[in-house]
Amino acid sequence: MSHDASRHITIIGAGLAGALLATLLVQRGWRVDVYEKRGDPRVHGYGGGRSINLALAERGLHALRQAGGDDEVMARAVMMRGRMVHFLDGRTDLQRYGRDDSEVIWSVNRGELNITLLNLAEQAGVRLHFYRSLDHVDFDGQVATFADEGGYDRVAVRFDALVGADGAGSALRAAMRGQLELGERTEFLGHSYKELEIPPAADGSFRIEPNALHIWPRGRYMCIALPNDEQTFTVTLFLPNEGDPSFATVRNGADVRALFERDFADAIPLIPALETDFERNPTGLLATLYLDRWHLDGRAVLLGDAAHAMVPFHGQGMNCAFEDCVALAEHLDRTPDRAAAFAAFQAERLPNARAIQQMALENYLEMRDRVDDHDYLLQRALELQLAQRHPDRFMPRYSMVTFQRMPYATALDRGQRQRALLVELTAGHDTLDTLDWDAVDATVRARLEPLPLDA
Ligand code: FAD
Ligand code: 8RB
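Along each chain, numbering runs from 1 in the same order as the chain's sequence is written. Whichever chain is written first is A, and whichever ligand is written first is 1; the rest continue in order. With pLDDT at 70 or above as the cut-off, local features in this predicted model cover only qualifying residues; side-chain atom pairs require 80 or more to be listed or tallied, and sums for whole chains, interfaces and linings still use all residues. With hydrogens and water excluded, all non-hydrogen atoms of the structure serve as input to the side-chain values.

## Quick look at the overall build of the protein chain
Here comes step 1: For the protein chain, the helix and strand inventory stands at 15 helices and 19 strands.
Here comes step 2: Taken over 455 residues, the protein chain has a buried fraction of 54%.
Here comes step 3: Pairs at least 24 residues apart make up 70% of the contacts formed inside the protein chain by residues separated by at least 6 positions.
Here comes step 4: Roughly 19,000 Å² of accessible area belongs to the protein chain as shown, and the carbon and sulfur atoms make up 48% of that amount.
Here comes step 5: Across the protein chain, 49 positive and 67 negative side-chain charges occur, with their mean positions spaced 2 Å apart. Segments assigned H or I by DSSP are reported as helices when at least four residues long, segments assigned E as strands when at least two residues long, and all are numbered from the N terminus. When accessible area is computed with a 1.4 Å probe and restricted to protein chains, residues below 20% of their type maximum are described as buried, those above 50% as exposed, and intermediate ones as partly exposed. Contacts are residue-level and defined by heavy atoms, with any inter-residue pair within 4.5 Å sufficient. In these tables, accessible area is a Shrake-Rupley quantity obtained with a 1.4 Å probe, and a residue counts as shielded only by the protein chains included in the view. The sign given to each residue is positive for Lys and Arg and negative for Asp and Glu; His and the chain ends receive no count. To locate a charge, take NZ of a lysine, CZ of an arginine, CG of an aspartate or CD of a glutamate.

Following this line, the structure appears as structure tokens:
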């Protein structure tokens, strides 16, 4: 195969990663076909009409910039400056995520984001094929078969290489399983979620502070709310599957009302359709997907949720998937041997996917439980002091993940070393006033080398 003929890629899935990767590759001179199971959301609307939003952070935004899609997305994004914590007694407290408004996250509408990415892809010259669900792959003959929705119409397509951007339930991953041992494991969290809605106030305005990610931490469970640009909020209730309360005991509208009256009282007037939202919306499962291999030589590779689905608690699933896209486009462009490019992509990204998967699991405890804990608050206060005194060496882990683009594995490692320091330095202290700051500063300089920060 000549080098030029090999610069063709077939992407499975026109979701967030598939549409972005397609654009990045066409911009680098590749020919790209994308096959999507569902209809074109620009024609048929998106996902049943419910407004679902996602938190976009620096990693995802940086990838959008590379593709030239950032302006359109940011025009409709809602700034979230920090966590608005709602305590049981109804008091609230805004805990800023960053130093100022340059360190914030952005709530974006998933349907609008996907449409922006599809328009960008089409304008760049990507060929999009809707109602084409990957059904079967002949890896020896290099032919992929797609079915339409009803499974009546089937099309067979020759491919040079397949990219699986087809999400957590990836059909390409299932097909690859028949060819090699992927080392696949799914670990269920044992907690699930339900989406509820806060509509606009009577005068059309937001019912609660729009520029925040709201959290109602309640120990073993929690609610969160993210703002939408149409003055609504999407609320997500996270509960265990078993125990009390759990999805086993909270089963219908009356149960959820009783739970909210006890634990989320200040949210009741905000969610007028609490019972019907709860009963009509599906309960979503939460799990982490681990694979030991993401590619079949030079013929197929997985990325995004298809390769490493994670629990939602760091708001990094899309951000990580977008980072994957930039990395894969660069490896493909740099390395003519496709098997070598896929291997290099996996070598770069798999350890980082593992790191963010772990940090996402850890952030659940942080969000639902630790925001209210004395030791945690003292460590957090010291963390903020050290971040100010040593901005080049000490940075809260949340900031390394959210506002920087250093590898996730670096953020995980530095975060662990910083946490150990905070525990050590606050041991036996009830306040920061009793610390010996010269000794503290010396310890930081000795134990934490300067960070690899973005310019
Ligand atoms: P997807 O976006 O799921 O796209 C997969 C695409 O493949 C879909 O279009 C699907 O129709 C298509 N497809 C599936 N099967 C086939 C097939 N057989 N043939 C052809 N096409 C197929 N991440 C964040 O970073 N921040 C957040 O705040 C955040 N919030 C979230 C909120 C919710 C409710 C959910 C569910 C997820 C959230 N995530 C968030 C995670 C984020 O949505 C995913 O990590 C991200 O969408 C992964 O992108 P992807 O392209 O890999 O998969
Ligand atoms: N998937 C988020 C954060 C971290 C917030 C913090 C957390 C809902 C499903 Cl749970 C969650 C974060 O530490 O203060 N940033 O962005 C997004 C989150 O949940 C999203 C909306 C979500 N993802 C299935 C439900």
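## Section: the pattern of salt bridges
Here comes step 1: Whenever Lys or Arg places a side-chain nitrogen within 4 Å of a carboxyl oxygen from Asp or Glu, that contact is recorded as a salt bridge. Under the defined criterion, the tally for this structure stands at 35 salt bridges.
Here comes step 2: Linking Glu112 and Arg76 is a salt bridge whose minimum nitrogen-to-oxygen distance equals 3.4 Å. Residue Glu112 is located in helix α5 (residues 110-124), and its partner Arg76 is located in the loop between α4 (70-75) and β4 (78-80); the two are separated by 36 residues in the primary sequence.
Here comes step 3: Residues joined by salt bridges that share partners form a network here, namely Arg59, Glu323, Asp324 and Arg349.

## Points about helix α14 (residues 408-426)
Residues spaced three or four apart along an α-helix point in a common direction, a consequence of the helix completing one turn every 3.6 residues.
Here comes step 1: The end-to-end C-alpha separation of α14 is 27 Å, in line with the 27 Å expected for 19 residues at 1.5 Å each.
Here comes step 2: Along α14, the residues that are buried comprise Tyr408, Ala411, Leu412, Arg414, Gly415, Gln418, Leu421, Leu422, Leu425 and Thr426.
Here comes step 3: Summarising the contacts, the buried residues of α14 are in contact with α3 (58-67), α10 (317-334), α11 (338-368), α12 (374-389), α13 (397-402) and α15 (437-447).
Here comes step 4: Downstream of α14 by one or two residues, Gly428 has phi in the positive range, about 80°. Each residue after the first adds 1.5 Å to the expected span of a helix.

## Overview of helix α7 (residues 253-263)
Here comes step 1: Of the residues making up α7, those classed as buried are Gly253, Val256, Leu259, Phe260 and Asp263. For α7, the arc enclosing every buried residue in end-on projection is 125°, short of the 170-degree limit, so these residues lie on one face. Exposed side chains of α7 directed beyond 90 degrees from the buried face belong to Ala254 and Arg262.
Here comes step 2: Looking at the buried side of α7, the elements it contacts are β13 (185-198), β15 (222-227), β16 (233-240) and α8 (274-280). Summarising the geometry, the arc corresponds to the directions from the helix axis toward the C-beta atoms.

## Notes on the site of ligand 2
Here comes step 1: Nearness here has a simple test: a residue counts as near a molecule or strand if at least one of its heavy atoms is within 4 Å of that partner. Taken together, 18 residues sit near ligand 2, with Arg83, Tyr97, Tyr193, Pro312 and Asn363 positioned nearest.
Here comes step 2: Side-chain atoms alone can form a polar contact between residues adjacent in sequence; in general such a contact is a pair of N or O atoms within 3.5 Å, and within protein one must be able to donate a hydrogen while the other accepts it. A distance of 2.8 Å separates an oxygen atom of ligand 2 from a polar side-chain atom of Tyr97.
Here comes step 3: Here Asn363 contributes a side-chain N or O atom positioned 3.0 Å from an oxygen atom of ligand 2.
Here comes step 4: Coverage of ligand 2 by the protein chains reaches 88% of its 570 Å² of free accessible surface.
Here comes step 5: When residues of the shell around ligand 2 are traced back to their parent elements, those giving at least two are β14 (213-217), β15, β16 and α11.
Here comes step 6: Polarity classes work like this: nonpolar for Ala, Val, Leu, Ile, Met, Phe, Trp, Tyr, Cys and Pro, charged for Asp, Glu, Lys and Arg, and polar for all others, with Gly in that last group. Its residues assigned to classes, the shell around ligand 2 comprises 13 nonpolar, 4 polar and 1 charged.

## Digging into a negative patch on the surface
Here comes step 1: Taken together, the side chains of Asp369, Asp373, Asp375 and Asp430 make up a negatively charged region of the molecular surface.
Here comes step 2: As for its position among the elements, Asp375 is in helix α12. Patch definition: residues above 30% relative accessible area lacking any salt bridge, with like charges linked at up to 9 Å and the nonpolar side chains Val, Leu, Ile, Met, Phe, Trp and Tyr linked at up to 5 Å.

## A word on the site of ligand 1
Here comes step 1: Contacts to ligand 1 come from 29 residues, most closely from Ala17, Glu36, Ala55, Arg110 and Asp305.
Here comes step 2: Within the side chain of Glu36, one N or O atom sits 2.6 Å away from an oxygen atom of ligand 1.
Here comes step 3: Arg110 places a polar side-chain atom, nitrogen or oxygen, 2.5 Å from an oxygen atom of ligand 1.
Here comes step 4: Coverage of ligand 1 by the protein chains reaches 83% of its 1,000 Å² of free accessible surface.

## Considering the sheet that holds β16
Here comes step 1: Taken in spatial order, the 7 strands line up as β6-β5-β14-β15-β16-β13-β17 in an open sheet, and their pairing is mixed. Edge positions in the sheet fall to β6 (92-96) and β17 (284-290), since each of these pairs with one other strand and no more. Neighbour-to-neighbour, the strand axes of this sheet turn through a mean angle of 25°, independent of strand direction.
Here comes step 2: The rule for pairing is simple: two strands pair if DSSP sees at least two bridges between them. The pairing of strand β5 (residues 82-86) with β6 spans 5 bridges and is antiparallel. Across the sheet, residue His86 finds its bridge partner in β6, namely Thr92.
Here comes step 3: Geometry is summarised by axes, namely lines fitted to C-alpha atoms with helices restricted to the contacting stretch, and by angles between N-to-C directions that run from 0 to 180 degrees. Sheet strands in contact with α7 are β13, β15 and β16, and its direction is about 95° off that of β16.

## Here we look at the side chain of Gln357
Here comes step 1: The topology assignment puts Gln357 in helix α11.
Here comes step 2: For Gln357, a relative accessible area of 1% translates into the label buried.
Here comes step 3: Apart from residues lying up to four places away in sequence, Gln357 is in contact with Thr288, Leu289, Tyr290, His308, Ala309 and Met310.

## Regarding the sheet that holds strand β3 (residues 53-56)
Here comes step 1: An order of β3-β7-β4 is seen for the 3 strands of this open sheet, with the pairing classed as antiparallel. At either end of the open sheet lies a strand with only one pairing partner, and these are β3 and β4. Between one strand axis and the next, the sheet turns through 35° on average, direction left out of account.
Here comes step 2: Note that β3 and strand β7 (residues 105-109) share 4 bridges and pair antiparallel. Each residue of the ladder has a partner; that of Leu54, found in β7, is Val108.

## Some remarks on the pairing of β14
Here comes step 1: Judged by how many residues are buried, β14 sits mostly within the fold: 5 of 5 residues are covered.
Here comes step 2: Covered by surrounding structure in β14 are Leu213, Ile215 and Pro217 together with His214 and Trp216, the residues of both alternating faces.
Here comes step 3: Of the strand pairs in this sheet, β5 and β14 are connected by 3 bridges, and their pairing is parallel. Bridge pairing in β14 links Val85 to Ile215.

## What to know about the pairing of β15
Here comes step 1: Most of β15 is tucked away, with 6 of its 6 residues classed as buried.
Here comes step 2: Here β15 shows no split at all, with Met222, Ile224 and Leu226 on one side and Cys223, Ala225 and Pro227 on the other all buried.
Here comes step 3: The pairing of β14 with β15 spans 4 bridges and is antiparallel. Note on β15: the bridge partner recorded for Trp216 is Cys223.
Here comes step 4: Adjacent in sequence and paired antiparallel, β14 and β15 are bridged by 4 residues, among which Gly219 carries a positive phi angle near 90°.
Here comes step 5: Summarising the sheet, β15 and β16 pair through 6 bridges and their orientation is antiparallel. Of the residues in β16, the one forming a bridge with Ile224 is Thr236.

Interpretation in functional terms is not warranted from these geometric data alone.
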